[in-house]
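Here are the chains, one letter per residue:
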Amino acid sequence: RASFRITAEGRDYLLDSALMGDGFPESGVEEVLSKALAVTGAELTLNPADIERAIRQVAAMGTKQMFLKITNGLLRAASEDTQFGQTKNILPAKVSGSDAQVWLNADYLTRILKASSGELIIKVGKPQEPVLVKSGDLVALIMPLLCATDPFEDETAIPIPFEQTAPACAVVSSTD
């Protein structure tokens, strides 16, 4: 077991490794963290319950592979296409930066959610760059899956977030 203290952007980060091999690449870890902190792609701020619901839907399709696509100010999530079908969602999130997309293993997001202390900030850059996830003092990196497909590529529908489609409910009582 090994722990590394890494200083970047004036903050100390603790990297804890359960498995240790000969010549563990400390400088490589520092480089990966520095790159993730410098990502200039998209930055998302979202409620953990929203991403957790999308993760459960991905799992219901019998997969752990989750696609996140940030485009036109929207965050879309999808599973890979499996024998059970495919899930596609638009998640409520505050989105800034440029368009980006990435495939992730949803198990890693689940682990981060369990350790998180509130809303998540997710930074996504190029598809092969690590994804940075922050929540309070927690800083985590997720290495992306190398998949070339985009589940939304051939989509012709106009995406409308659920909040914009749900009608307001009113209770009407009658005393007739």
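Residues numbered from 1 in each chain as written. Predicted model: local features only at pLDDT ≥ 70, side-chain atom pairs only at ≥ 80, totals over all residues. Heavy atoms only, no water.

Undergrad: Explain the overall build of the protein chain here, please?
TA: Along its length, the protein chain carries four helices and 11 strands. With 176 residues in all, the protein chain has 37% of them scored as buried. When contacts within the protein chain are restricted to residue pairs at least 6 apart in sequence, long-range pairs at least 24 apart make up 57% of them. Just so you have it, the protein chain exposes about 10800 Å², and 50% of that area is on carbon and sulfur atoms. (Helix = DSSP H or I, 4+ residues; strand = E, 2+ residues; numbered from the N terminus. Buried < 20%, exposed > 50% of the residue type's maximum accessible area, 1.4 Å probe, protein only. Contact = heavy atoms within 4.5 Å. Areas by Shrake-Rupley, 256 points an atom, 1.4 Å probe, with all protein chains shown as cover.)

Undergrad: What's the story with the sheet that holds strand 8 (residues 100–105) in this structure? I'm lost.
TA: The strands that make up a sheet pair up through hydrogen bonds in the backbone, lying either parallel or antiparallel. Here we have four strands laid out as an open sheet, ordered 6-5-4-8, and antiparallel in their pairing. In the strand order of this sheet, the two ends are held by strand 6 (88–91) and strand 8, each with one partner. Sheet twist, expressed as the mean angle between neighbouring strand axes with direction ignored, is 20 degrees. Relative to strand 8, strand 4 (residues 65–71) is paired through six bridges, and the arrangement is antiparallel. Looking across to strand 8, one finds that F67 is bridged to W103. Across the face of the sheet, helix 2 (residues 48–60) comes into contact with strand 4, strand 5 (74–79) and strand 6 while running at roughly 135 degrees to strand 4. The sheet strands contacting helix 3 (residues 106–115) are strand 4 and strand 8, and the helix crosses strand 8 at an angle near 85 degrees. (Pairing = 2+ DSSP bridges. Axes fitted to C-alpha atoms, helices over the stretch in contact; angles between N-to-C directions.)

Undergrad: Explain the sheet that holds strand 9 (residues 120–124) to me, please; I cannot follow it from the model alone.
TA: If you walk across this open sheet you meet the five strands as 7-3-9-10-11, and the pairing is antiparallel. Each of the sheet's edge strands pairs with one partner strand only, and the pair in question is strand 7 (94–97) and strand 11 (138–142). Strand-to-strand twist in this sheet, taken as the mean axis angle between neighbours without regard to direction, amounts to 15 degrees.

Undergrad: Explain the pairing of strand 3 (residues 42–46) to me, please; I cannot follow it from the model alone.
TA: For a regular strand, side-chain orientation follows a simple rule: the groups alternate between the two sheet faces. Among the five residues that make up strand 3, four are buried, leaving the element largely enclosed by the rest of the structure. The sheet contact formed by strand 3 and strand 7 spans four bridges and is antiparallel. By the bridge assignment, T45 is partnered in strand 7 with K94. Summarising the sheet, strand 3 and strand 9 pair through five bridges and their orientation is antiparallel. Across the sheet, residue L46 finds its bridge partner in strand 9, namely L120.

Undergrad: What should I look at first to understand the packing of aromatic side chains in this one?
TA: Any aromatic ring pair is given by two values, namely how distant the centres are and how the planes are angled relative to each other. Under the counting rule described, the total for this entry stands at one aromatic pair. With 5.1 Å between their ring centres and 50 degrees between their planes, F67 and W103 make a pair best called tilted. On the criterion of sequence distance, the pair formed by F67 in strand 4 and W103 in strand 8 is long-range, its members being 36 residues apart. (Phe/Tyr/Trp six-rings, centres within 6.5 Å; stacked < 30°, edge-to-face > 60°.)

Undergrad: Sorry if this is basic, but what is going on with helix 2 here?
TA: Since one α-helical turn is 3.6 residues long, residues separated by three or four positions face the same way. Its 13 residues give helix 2 an end-to-end C-alpha distance of 18 Å, which sits within 8% of 18 Å, the value for a rise of 1.5 Å per residue. By the burial criterion, the buried members of helix 2 are P48, D50, I51, A54, I55 and V58. Mapping the buried residues of helix 2 onto a view down its axis gives an arc of 165 degrees, with all of them on the same face. Exposed and oriented more than 90 degrees from the buried face of helix 2 are R56 and A60. Summarising the contacts, the buried residues of helix 2 are in contact with strand 3, strand 4, strand 5, strand 6, helix 3 and strand 9. Two or three places before A49, at the opening of helix 2, N47 has a side-chain oxygen 2.8 Å from that residue's backbone nitrogen. Count one or two residues on from helix 2 and you reach G62, which has phi positive near 80 degrees. (Expected span 1.5 Å × (residues − 1). Arc of directions from axis to C-beta. Polar contact = N/O pair within 3.5 Å; in protein donor to acceptor, adjacent residues only side chain to side chain.)

Undergrad: What am I meant to see in the environment of A59 here?
TA: Position of A59 among the secondary structure elements: in helix 2. Sequence separation between A59 and S79 is 20 residues, and the spatial gap between their C-alpha atoms is 8.3 Å.

By themselves these figures say nothing about function.
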